[in-house]
Each structure stands twice: as structure tokens, then as C-alpha cells.
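# Residue-level structure breakdown
As a plain string of letters, each chain reads:
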Amino acid sequence: MAKEQLTDGAAPALVVSHLTKRFGDRSAFEDVSFEVARGEVFGFLGPNGAGKTTTVRTLGTLIAPTSGSAVVAGIPLSAATGAEIRQLISVMPENPGLYVRLTVQENLELFAGLYGLASPGARIAGVLETVNMAPRARDLCGRLSKGLRQRVGLARALLSDPVVMFLDEPTSGLDPVASRDVHDLIASLRERGVTVFLTTHRLEEAERLCDRVAILNTRLLAVGPPEQLRTQLFRSSLVVETAARLPAPEAIFTPEMGVDKWTPDGDAAYVLTVAEPRMAAPRVTRALVAAGADVVSIAVSHHSLEDVYLELVEADPEAGR
Amino acid sequence: MIGLDVGRLAAVARKEAREYRRTPFIIGAMAVLPLIFMINPVITIFAIGATVKSATVAKAVGATFLVLLVVPAVIPASIAAYSVVGERDQGTLEPLLTTPVRRGEILIGKALVAAVPAVGIAYILFALAVILAHFFAGNPTVAATLTEGSHILAQALFAPLLAVWSIGVGTAISARSSDVRVAQQLGTLASLPPLAVTALVSFQIVPLGVWTAVGFGLGLLVIDIAMWRGVVATFDRERLITGSRAAKTTGVGPGGSVGPGEVRRIRFTGGTDVG
């Protein structure tokens, strides 16, 4: 199947249905189902041992699933289609795994040969330029820092112009500037229609880059855009701080003010659960002023992806394993 | 082994050759070991007096012949034993296996680069032994015995067949091993059994003639083919990555695209990848 046909198609880049992998009695992951659209940056999150890497290896055709099905880059995953799928995808493991006795150029020449690239020289020069490694092309990989090796690993993953890229912790070991470069690169890949399957522990990275995230802890706990997961898991709330403790907060934080529930949060602060923060905040402010309270601040509480992650993973019975 | 891509095979071989060139231990072993193996044949050839009987000359030449065949058996064994476990140790195996390269291309690419220098060195040593015997041996029949058609044929056939055996067995051990040192030790030991076959000829237990050489060559070829079939079977992507072989259980691969809630299961009758 030609790469052009696959990139033009509207079919998802990945379709995973009830996929399970067991090693003997132990489940690496269980009954996992999700879809990833073409050009989507999909975050795959989970604690250590959750099955993320095994999932990537399975979708990357390195490991056979125990049951379930998957379609990768438009090709059904099977024993016979491994090479065909691997031609259309690239996988960058957390450890880039470079040949340390070869130069950067020679490492990329090997992979250009394995992918059967027609004009490897120009392509290699292009990807090295993309990751700002062109001046280091003749350096031995063994003499590069971890961050630079990570960049070469990324260049290698870009080499075949893949339809789906699996990136396992691509910013691991990188300094903030290099991490930002990688983030920019992932954003540019999305613009070019490349599907990125991003495994990461950096939740702020996932929140910033990913259109949708999946949280895995052997079983899939949640899939969706970070914002949607936040609203599903956490009700909106207002954090109110007053100069002094309120004598009768129950008289102010009432359903009439749009407050469903309230709890004290320290000496003179309160967390109010509300359905509509934009409607409730002015009402509560007016009520506080009318009651003679000195309002120090009133703010909408924002839950991060980290809150979502912790809420799901800690509530999961598998967390105690 | 069907459907090999020459470009991918060449890419693997080029990478292997570049790595060997930059590994002093391998270059050193390839240069020093053959020289050590040459010492005994040279002494043996020079020690034969002018009046020694032809039967004794044949015995001495047979011993020389055996020593010269140790080179193609031993040199590539340690290289092959490093080939897979070394990649795993460096962390390069997984990226390699995620490319479209087929296991046949990896195995042949690696084997070629280990075999060619070993066989080349074996032929050079044999030629050197003949030249030394011709110009410096005290007994003129030594050179004549060494250059008998059956000896040349045996050397030409046995050297590559022994190299192919030792590379295959080294690769198989490497694919199953988790420690580079253990793999190299076992690989070197496992390269020796086929030398027993050639020892039958070398020590004249079986007299060496053209047909004997061909017969023993065919025997080694059959052993090599059977052994390489086993090597290919051990080279399973899942086993190489996780240490356990893919289970032959219900599996994946719908005939067409699948949507959520519509799962078609088919029998999965193999490892991760047939390629």
C-alpha cells in the first residue's frame, strides 16, 4: 500500500480493539481499545510498569498480542504484515540506541538503507538540519552527550518520513532549551499530518502537546482531550479567600448563589463547588460584600492534567500492585 | 530466506564492517590469531628431513591441514557470538528490529562480514604454507603433498563450510544469551565439533581423495543447512526483545479495518513476524 494513499485517507492512523498482552500469568496490558486520528498527537501516560512500552512494542510489530486486534497506519496487524507496517512507522525508544562506534552520518546511512530511501544523502542532510545536528554529522555517536544522542534518535525516527511516529520519552535527559526544540518539532510534525504517539511521564508536556491523551495502568483508565478529562473528573470550583474567617459561611454559600457544595480550606479560605463559575463568582462576591466580608481573592480553580492523572491512577485498584 | 532485499542486506553488512574496523579487539584477534596458528605448521614443515618417508610427510601435512582449518572455525565464532547479544547490550537491537529489515537480511548481512575475512585469511594461510614449503622445506615432497588436488579441494570446501557452521552456531548462542562474555566463550567452544570431521581426514583415519573431500564437504553442507534453519527459528523478534517467544494463541489481524465494538479475531499462527 502506497504511503500517499495512507496519508490521504481519512481512516484513523491507529485502531486498537480489545488488545491484550500477557506474559504467562501476568498481564502487560489488558483489553485496551482506542483510536488515533491521522495528524493527531496522542499522549500515552501511565505509571512505571503500566504497559506503555509493551503497547508501543506491540503496535510497532515487535511483540505479538495475546488477543484483540489493531490496525496500524491502515494495515491490519498480523504476523504477515510486520515488515509492511514497519515501512510506514518509526519508533524512537527512550534509549535512542545508536551505534557508538559509528558517526552520526553513518548511523543514519544504515537506517536509510534499511528503509530503502531513494536519495539518502539529501534526506539525511534534511533531518539533521531539522534537529540542529548538521554540524555534528561526522562526530562519533559515542562522543555525544545524552541530549545530542536523543536528537540523533529523533533524526533517525524522521528519516523515513513515517505516517505514524512512536516517541517514547523523547525529551528524557534533555535540557529545557532542547526540550522546547523537541516540542516545536512535534508541533511541526502535527502540521505536516504526521501522527505522533507520544509516551511520556512529563504531564505538562502531554498537556501542552497532545490533542488527546490516554491513561493506562494495565487497563485503559481514560481517553480524551485533557480539557475533557478535567471536566469529566473534576467539577468546577471557586477558591475564595477572605481577610478573616466568615462567621456564617453557610448563609452565603447557598444554592441560590450557584454553589452546590463548599468546604473550608484553611483559616479564612473556602473551596466552592459550582456548576457555572462565571455566573457564580460575581454572585458570591456580591454576597460576601453584602455580608461585610473583606474579600482578598476569588478565583476559578484550574485542575491540571496531573490532577487528572493522579486521581485516576491512585483510585485504580491496580495502583496497589 | 525468500524475498531478501539486497539494499537492506548491504546496509547491514556495511554497518558491521564499519563497526569491526573501529573495534581494535576484533582487528587484533583477526591479525594475531592466524599468525599464532601458523607457527606450528611452519615448524612441522621445516622439521621434516629430506630423507623422511612419504607416509610420514603425509601425516605431517595432515596435521598442518587441520591446524589451518581451525582459523575459519574459531575466528568468526567469537564475532558471531557478539553479533546479537552485543546489539542488545548496546541498546541498538530494538531500533534495528523496528525497521522493515527481515531477519534473513540481518543474519546474512552479519554472517557475510564475519565469514569473508575468516575464509580469506584461511586461504591466505594455506597459500603461505604452500609457498614456505616450496621454497624452504627440507623435503621436496612436502610442497607436492600440500598442493595435491584433494588437499586444495578440501581446503577450498572446508574453510567456508566450517566458517558458516561457526557463524551460525555463534549467532544462535548470541540470540539466546543475555551476557556477551558467556556468548563468546560458548560460541568459540561450539565452533569446534565440525573440526572432528576434518580431523578424520587430517589424521588419515579416512584417506583424503577428491571424492572423500567432496563427500565430507557435502556432509558439512547438510549440517550447516540444518543448523541455519535452527538459527533462523531462534531469531524471533519477541524473544529477542522480551526474552520469551511469542505464544501461538488467539491473536490479531482482522481482515479489514475495525471499529470499536467490531472485533474480528483470527488465528495467529506464529511469532511476531515472519520476516
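About the criteria used
- Residues numbered from 1 in each chain as written.
- Chains lettered and ligands numbered in written order.
- Predicted model: local features only at pLDDT ≥ 70, side-chain atom pairs only at ≥ 80, totals over all residues.
- Heavy atoms only, no water.
- Helix = DSSP H or I, 4+ residues; strand = E, 2+ residues; numbered from the N terminus.
- Contact = heavy atoms within 4.5 Å.
- Pairing = 2+ DSSP bridges.
- Buried < 20%, exposed > 50% of the residue type's maximum accessible area, 1.4 Å probe, protein only.
- Arc of directions from axis to C-beta.
- Axes fitted to C-alpha atoms, helices over the stretch in contact; angles between N-to-C directions.
- Domains from an automatic or database assignment.
- Patch = residues over 30% accessible without salt bridge, like charges linked within 9 Å, V, L, I, M, F, W, Y side chains within 5 Å.
- Areas by Shrake-Rupley, 256 points an atom, 1.4 Å probe, with all protein chains shown as cover.
- Salt bridge = Lys/Arg side-chain N within 4 Å of Asp/Glu carboxyl O.
- Phe/Tyr/Trp six-rings, centres within 6.5 Å; stacked < 30°, edge-to-face > 60°.
- pLDDT = per-residue confidence, 0-100.
- Right-handed = clockwise from strand over helix to strand, strands pointing away.

### Focus: the overall build of chain B
The helix and strand inventory of chain B stands at eleven helices and zero strands. Counting helices and strands in the order they occur from the N terminus, chain B gives α-α-α-α-α-α-α-α-α-α-α. In chain B, 80% of the contacts between residues at least 6 apart in sequence involve partners at least 24 apart.

### Quick look at the pairing of strand 2 (residues 26–36) of chain A
Residue and element names in this part refer to chain A. Strand direction decides the pairing type here: strand 1 (residues 14–23) and strand 2, joined by seven bridges, are antiparallel. Bridge pairing in strand 2 places Leu14 opposite Val36. Hairpin remark: strand 1 followed by strand 2, antiparallel, with two residues in the connecting loop; positive phi at Gly24, about 65°.

### Some details on helix 12 (residues 305–315) of chain A
Residues and elements named next belong to chain A. Among the residues making up helix 12, those that are buried are Leu305, Val308, Tyr309, Leu312 and Val313. Viewed along the axis of helix 12, the buried residues span an arc of 110°, placing them on a single side of the element. Along helix 12, the residues that are exposed and aim more than 90 degrees away from the buried face are Glu314 and Ala315. Buried residues in helix 12 make contact with strand 3 (41–45), helix 8 (203–209), strand 9 (212–217), strand 10 (219–224) and helix 9 (226–233).

### Focus: the sheet that holds strand 7 (residues 164–168) of chain A
Residue and element names in this part refer to chain A. Reading across the sheet, the six strands line up as 6-7-8-3-9-10 and stay open at both edges, with mixed pairing between neighbours. The open sheet is flanked by strand 6 (89–92) and strand 10, the only strands paired with a single partner. The mean inter-strand angle of the sheet, taken between neighbouring strand axes irrespective of direction, is 15°. Together, strand 3, strand 6, strand 7, strand 8 (195–199) and strand 9 form the strand contacts of helix 2 (residues 52–59), whose direction differs from that of strand 8 by roughly 150°.

### A look at the domain arrangement of chain A
Here chain A is described as being made up of domain 1 (3–231) and domain 2 (235–302). The gap between the C-alpha centroids of domain 1 of chain A and domain 2 of chain A is 46 Å.

### Quick word on a nonpolar patch on the surface
Residues and elements named next belong to chain B. Among the surface-exposed residues, Val32, Ile36, Ile39 and Ile43 lie close enough to one another that they form a single nonpolar patch of about 370 Å² accessible area. Along the chain, the position of Val32 falls in helix 2 (residues 24–47). You can call Val32 partly exposed: its relative accessible area is 44%.

### Quick look at the packing of aromatic side chains
The relative placement of two aromatic rings is captured by the distance of their centres and the angle of their planes. All names here are of chain A. Overall, the coordinates contain nine aromatic pairs over all chains when judged by the stated rule. Residues Phe166 and Phe197 carry aromatic rings whose centres are separated by 5.2 Å and whose planes lie at 55° to one another, so their mutual orientation is tilted. One end of the pair, Phe166, is in strand 7; the other, Phe197, is in strand 8, and 31 residues separate them in sequence. Overall, Phe166 belongs to the buried group, its relative accessible area being 1%. By the ring-pair criterion, three or more aromatic residues cluster together here, those being Phe34, Phe42, Phe44, Phe166 and Phe197.

### Here we look at the environment of Pro93 of chain A
Summarising the element assignment, Pro93 of chain A is placed in the loop between strand 6 and helix 4 (104–115). A relative accessible area of 9% means that Pro93 of chain A is categorised as buried. Pro93 of chain A sits 76 residues away from Glu169 of chain A along the chain, and the two C-alpha atoms are 7.5 Å apart. If we ignore the near neighbours within four places in the chain, the residues touching Pro93 of chain A are Arg156 and Asp168 of chain A together with Glu94 and Pro95 of chain B.

### Digging into the confidence of the model for chain A
Averaged over all residues, the pLDDT of chain A equals 88, while 96% of them reach at least 70. Per-residue pLDDT, averaged within each element of chain A, yields its smallest value for helix 1 (residues 3–8) of chain A (52) and its largest for helix 4 of chain A (97).

### Some details on unusual backbone geometry
A positive phi angle is found at Thr61 of chain A, which is not glycine, with a value near 70°. For Thr61 of chain A, the location among the structural elements is in the loop between helix 2 and strand 4 (67–72).

### Focus on the pairing of strand 7 of chain A
All names here are of chain A. Among the five residues of strand 7, five are classified as buried, and the element is accordingly described as predominantly covered. Burial along strand 7 is two-sided: Val164, Phe166 and Asp168 facing one way and Met165 and Leu167 facing the other are all buried. As judged from the four bridges shared by strand 6 and strand 7, these two strands associate in the parallel manner. Residue Met92 lies in a different strand from strand 7, and its bridge partner there is Leu167. Examined bridge by bridge, strand 7 and strand 8 share five bridges and lie parallel to one another. Considered in strand 8, the bridge of Leu167 is made with Leu198. Assessed by its sense of winding, the connection that carries the chain from strand 7 through helix 7 (residues 176–191) to strand 8 is right-handed.

### Examining the pattern of salt bridges
All names here are of chain A. One pass over the full model with this rule turns up 18 salt bridges over all chains. Across the pair Arg190 and Asp211 runs a salt bridge whose closest N-O atoms are separated by 2.7 Å. Taken together, the residues span a long stretch of sequence, with Arg190 in helix 7 and Asp211 in the loop between helix 8 and strand 9 at a distance of 21 residues. Using a relative accessible area of 24% as the deciding quantity, one classes Arg190 as partly exposed.

### Some points on the sheet that holds strand 11 (residues 237–242) of chain A
Residue and element names in this part refer to chain A. Across the sheet, four strands lie side by side as 12-13-11-14; this open sheet has antiparallel pairing. Every interior strand has two partners, whereas the edge strands, strand 12 (259–264) and strand 14 (295–301), have only one. Across the sheet, the axes of successive neighbouring strands diverge by a mean angle of 20°, strand direction being ignored. As paired elements, strand 11 and strand 13 (residues 269–274) share five bridges and run antiparallel to each other. Opposite Glu241, over in strand 13, you have Ala269 as the bridge partner. Across the sheet, helix 11 (residues 277–290) is in contact with strand 11, strand 12, strand 13 and strand 14; its angle to strand 11 comes to roughly 20°.

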